[in-house]
There are 2 protein chains.
Amino acid sequence: MAVNVYDQANALEGALRKSDEFKTMKEYYEKVNANPESKTLFDEFREVQMNLQQKQMQGEEIQEEDVQKAQKSAEDIEKDENIKALMEAEQKMSELIQDLNRVIMKPIEELYGVNNEN
Amino acid sequence: MAVNVYDQANALEGALRKSDEFKTMKEYYEKVNANPESKTLFDEFREVQMNLQQKQMQGEEIQEEDVQKAQKSAEDIEKDENIKALMEAEQKMSELIQDLNRVIMKPIEELYGVNNEN
């Protein structure tokens, strides 16, 4: 049975790869990477975001300087059409994946939902 | 295109529902719920776990009492064959889902992996 599950997962993987959502994300990701200015801004933004997340997760205090850096970086990428388009595409892809997960996890949610009412 | 993705997600959902992993988990979940003693122990264990997680997430101090409660509850469920079997089945299901996610997310991982080397 498990084989069948993996076959279906591979089929879904193939469909995801061919989806408009993925193709759009890929297109803009490549555009950002092909443009040195966009790439630098994007890498900086990601790094600032990751630093902030790390500090939050480790319970470290967020400094005024960190907040300003994050704001500046967010403003910078807003002005870059490639990055703006990529981030919108990433958001759509993320929503699609959440939807797909909701579909796939239905059996487990049903099982735990129904029996909890016992 | 998106429709095709959802069709494939539904097919995977159906395969997951028919998988040995899911059927075993369902069987033991129903056994635990059908047995009042097992059900009480299981509910208690889940509650203790959730309380601990919540305290950790909110950065609250974990009291010695909380640790003892969690240990006691973990020992109690170890002695219950139904719960032990359910937890093993849940573990296997969780591993299967992680595997499936790795398969499905391949296009995105490939895209971000390859281009990061630019």
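Criteria and cut-off values
All residue numbers refer to position in the chain's written sequence, counted from 1. Chains carry letters and ligands carry numbers; both start at the beginning, A for chains and 1 for ligands, and go up in the order they are written. Residues qualify for local features only when their pLDDT is at least 70, as the model is predicted, and side-chain atom pairs are given and counted only at 80 or more; totals for whole chains, interfaces and linings, by contrast, use all residues. Side-chain numbers come from the whole structure's heavy atoms, not from hydrogens or water. Helix numbering and strand numbering both begin at the N terminus, where a helix is a DSSP run of H or I of at least 4 residues and a strand a DSSP run of E of at least 2. Here the expected span of a helix is defined as 1.5 Å times the quantity of residues minus one. Exposure classes here rest on a 1.4 Å probe applied to the protein chains alone. A residue is buried below 20% of its type maximum, exposed above 50%, and partly exposed in between. As used in this structure description, the phrase polar contact means that two N or O atoms lie within 3.5 Å; if the pair is within protein, one of them must be able to donate a hydrogen and the other to accept it, and residues adjacent in sequence are counted only when both atoms belong to side chains. Here, residues are in contact when the closest pair of their heavy atoms is within 4.5 Å. Put simply, buried area is the surface a 1.4 Å probe can reach on two separate parts but cannot reach once they are joined, added for both. Think of a salt bridge as a Lys or Arg side-chain nitrogen and an Asp or Glu carboxyl oxygen that are within 4 Å of each other. Every angle, taken between N-to-C directions, lies between 0 and 180 degrees, and every axis is a line fitted to C-alpha atoms, over only the stretch in contact when it is a helix. Any angle that is under 35 degrees is reported as roughly parallel, and any over 145 degrees as roughly antiparallel; angles of 65 to 115 degrees are reported as roughly perpendicular and all others as oblique. Gly is placed with the polar residues, together with every amino acid not listed as nonpolar (Ala, Val, Leu, Ile, Met, Phe, Trp, Tyr, Cys and Pro) or charged (Asp, Glu, Lys and Arg). Two aromatic rings from Phe, Tyr or Trp, using only the six-membered ring of Trp, form a pair when their centres are within 6.5 Å; if the ring planes differ by under 30 degrees the pair is stacked, by over 60 it is edge-to-face, and anything between is tilted. Only buried residues count toward a nonpolar core, which is a set of Ala, Val, Leu, Ile, Met, Phe, Trp, Tyr and Cys residues joined through side-chain atoms within 4.5 Å. For the least-squares superposition of copies, only C-alpha atoms count, and only for residues with pLDDT at least 70 in both. UniProt positions are given in the numbering used here, feature names are shortened, and annotations may be inferred rather than shown by experiment.

Chemist: Teacher, can you tell me more about helix 5 (residues 81-104) of chain B here?
Modeler: Since the α-helix turns once every 3.6 residues, residues separated by three or four places project in the same direction. Residues and elements named next belong to chain B. In a regular helix each residue adds 1.5 Å, so 24 residues correspond to 34 Å; helix 5 covers 35 Å between its end C-alpha atoms and thus fits that length. The set of residues buried in helix 5 consists of N82, I83, A85, L86, A89, E90, M93, L96, I97, L100, V103 and I104. Two or three places before N82, at the opening of helix 5, D80 has a side-chain oxygen 3.0 Å from that residue's backbone nitrogen.

Chemist: What am I meant to see in the interface of chain B and chain A here?
Modeler: A common measure of how large an interface is: the accessible area buried when the components associate. Across the boundary between the two partners, chain B contributes 47 residues, which contact 47 residues of chain A. Taken over both partners, the interface formed by chain B and chain A buries close to 4,100 Å², and the fraction arising from carbon and sulfur atoms is 69%. Where chain B packs against chain A, one counts 2 salt bridges. A salt bridge links E110(B) to R17(A); the nearest nitrogen and oxygen atoms lie 3.1 Å apart.

Chemist: Honestly, the packing of helix 3 (residues 36-57) of chain B against helix 5 of chain B in this entry has me stumped. Any pointers?
Modeler: Angle between the axes and distance between the axes: these two values describe a pair of packed helices. All names here are of chain B. Remark: helix 3 packs on helix 5, axes separated minimally by 10 Å, with the N-to-C direction vectors making an angle of 50 degrees. When the axes of helix 3 and helix 5 are compared, the pair comes out oblique. From helix 3, S38, L41, F42, F45 and R46 reach across to helix 5, where they touch N82, I83, L86, M87 and E90. Considered class by class, the residues forming the contact of helix 3 with helix 5 number 6 nonpolar, 2 polar and 2 charged.

Chemist: Quick question: what am I supposed to make of the packing of aromatic side chains here?
Modeler: Aromatic ring pairs are reported here in terms of the distance separating the ring centres and the angle at which the planes meet. Tallied over the entire structure, the rule returns 2 aromatic pairs over all chains. Measuring from ring centre to ring centre gives 4.2 Å for Y29(A) and Y112(B), while their planes differ by 35 degrees; the resulting arrangement is tilted. Of this pair, Y29(A) sits in helix 2 (residues 20-34) while Y112(B) sits in helix 6 (residues 106-116), on two different chains. Given a relative accessible area of 2%, Y29(A) falls into the buried group.

Chemist: Is there a simple way to explain the nonpolar core in this structure?
Modeler: Nonpolar side chains tend to gather and get buried jointly when the protein is soluble and globular. Grouped together as the largest cluster of nonpolar side chains are 50 residues, with contacts concentrated most on M25(A) and M25(B). Discounting chain neighbours no more than four positions away, the residues touching M25(B) are I108(A), L111(A), Y112(A), L86(B), A89(B), E90(B) and M93(B).

Chemist: I keep staring at the relation of the copies chain B and chain A and nothing clicks. Help me out?
Modeler: Mapping between the two chain copies consists of a rotation about an axis together with a translation along that axis. Overlay of chain B on chain A (RMSD 0.1 Å): rotation 180 degrees, translation along the axis 0.1 Å. Each copy turns onto its partner about a two-fold axis. A shared binding surface is used by both copies, with 100% of the interface residues of chain B retained as interface residues in chain A.

Chemist: I keep staring at the UniProt feature "coiled-coil region" (unreviewed entry) in chain A and nothing clicks. Help me out?
Modeler: Mapped onto this numbering, the UniProt entry gives "coiled-coil region" (unreviewed entry) at residues 45-106 of chain A. The span residues 45-106 of chain A is 85% helical and 0% strand by assignment, and the distance between its end C-alpha atoms comes to 36 Å.

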